[in-house]
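Structural characterization, general
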Amino acid sequence: MNDTHRVHLVHRTGAALLGLVLLAFGIIGLTRSTAWFGQQGEPVMGMSTNGALSVLSLVAAMVLLVAAVRAGRLSSAVSAVVGAAFLLSGLVHLGLLGTSWNVLAFRLPNVVFSLVAGLVLLLLGFYGRVSGGLPPDNM
């Protein structure tokens, strides 16, 4: 398998970059003294976070970074799945803003980030798959 194909490099680079952003967000969020499920949250990188959202960000970061290190095909699939999860999260939390169900301390910037990150990951994950630009040895 030729994992250095341009399409695989796009998949891996995109997953790694967003993984690093999530890693920074999660680490900074955990270093702040926040309640695990506090609805107010602490400001981090222009968004709000609590302990639970910081840990979820770290988990998502690790999944993306491991996929980026392992293989282009894997990072493509993982980016698509994580992107869909981010989109769903953004839409769900948009409806939860200002309610007692907002246990991850989402604010509007968090929703916008989730929607944009989800779209970017979906585009990266499907890059080459829809246009037919995948190498011949890709499954």
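Being a predicted model, the structure only gives us computed values, none of them experimental.

1. Digging into the packing of aromatic side chains
Here the structure, examined in full by the defined rule, presents one aromatic pair. Between Phe-86 and Phe-113, the ring centres sit 6.4 Å apart and the planes meet at 75°, which makes this aromatic pair edge-to-face. Taken together, the positions of Phe-86 in helix H3 (residues 72-96) and Phe-113 in helix H4 (residues 108-126) put the pair 27 residues apart, joining distant regions of the chain. Overall, the relative accessible area of 23% leaves Phe-113 in the partly exposed class.

2. Section: the nonpolar core
One finds Leu-18, Leu-22, Leu-64, Val-78, Val-82, Phe-86 and Leu-121 to be the most contacted residues of the largest nonpolar core, which totals 13 residues. Sorting the residues of this core by element identifies helix H1 (6-31), helix H2 (51-70), H3 and H4 as the ones contributing at least two each. In terms of residues, this core owes the most to one element, H2, which gives five residues. Apart from residues lying up to four places away in sequence, Leu-22 is in contact with Ser-57, Ala-60, Ala-61, Leu-64, Phe-86 and Phe-113.

3. Remarks on the confidence of the model for the protein
Do not read the fine detail of predicted coordinates wherever pLDDT is low. When the pLDDT values of the protein are averaged, the result is 86; 86% of them are 70 or greater. Summarising per-element confidence for the protein, the mean pLDDT is lowest in H1 (89) and highest in H2 (94).

4. Quick word on H2
When the terminal C-alpha atoms of H2 are compared, their 29 Å separation across 20 residues agrees well with the 28 Å that a helix rising 1.5 Å per residue should span. Within H2, the full set of buried residues consists of Gly-51, Ala-52, Leu-53, Ser-54, Ser-57, Leu-58, Ala-60, Ala-61, Leu-64, Leu-65, Ala-67 and Ala-68. The backbone nitrogen of Ala-52 has a side-chain oxygen 3.2 Å away, supplied by the residue at the start of H2, namely Asn-50.

5. Considering the side chain of Ser-54
Counting through the fold element by element, Ser-54 comes out in helix H2. Within the local environment of Ser-54, its side chain forms a polar contact with the side chain of Thr-49, the two groups lying 3.0 Å apart. Contact partners of Ser-54, with chain neighbours within four places excluded, come to Gly-26, Gly-29, Leu-30 and Thr-49.

6. Quick notes on H4
With 19 residues, H4 extends 27 Å from end C-alpha to end C-alpha; this agrees with the ideal 27 Å at 1.5 Å per step. Those residues of H4 lying buried are Asn-110, Val-111, Ser-114, Ala-117, Gly-118, Leu-121, Leu-122, Leu-124 and Gly-125. Projected down its long axis, H4 carries its buried residues within an arc of 165°, all on one side.

So, how was this worked out
Residues numbered from 1 in each chain as written. Predicted model: local features only at pLDDT ≥ 70, side-chain atom pairs only at ≥ 80, totals over all residues. Heavy atoms only, no water. Phe/Tyr/Trp six-rings, centres within 6.5 Å; stacked < 30°, edge-to-face > 60°. Helix = DSSP H or I, 4+ residues; strand = E, 2+ residues; numbered from the N terminus. Buried < 20%, exposed > 50% of the residue type's maximum accessible area, 1.4 Å probe, protein only. Core = buried A, V, L, I, M, F, W, Y, C linked by side-chain atoms within 4.5 Å. Contact = heavy atoms within 4.5 Å. pLDDT = per-residue confidence, 0-100. Expected span 1.5 Å × (residues − 1). Polar contact = N/O pair within 3.5 Å; in protein donor to acceptor, adjacent residues only side chain to side chain. Arc of directions from axis to C-beta.

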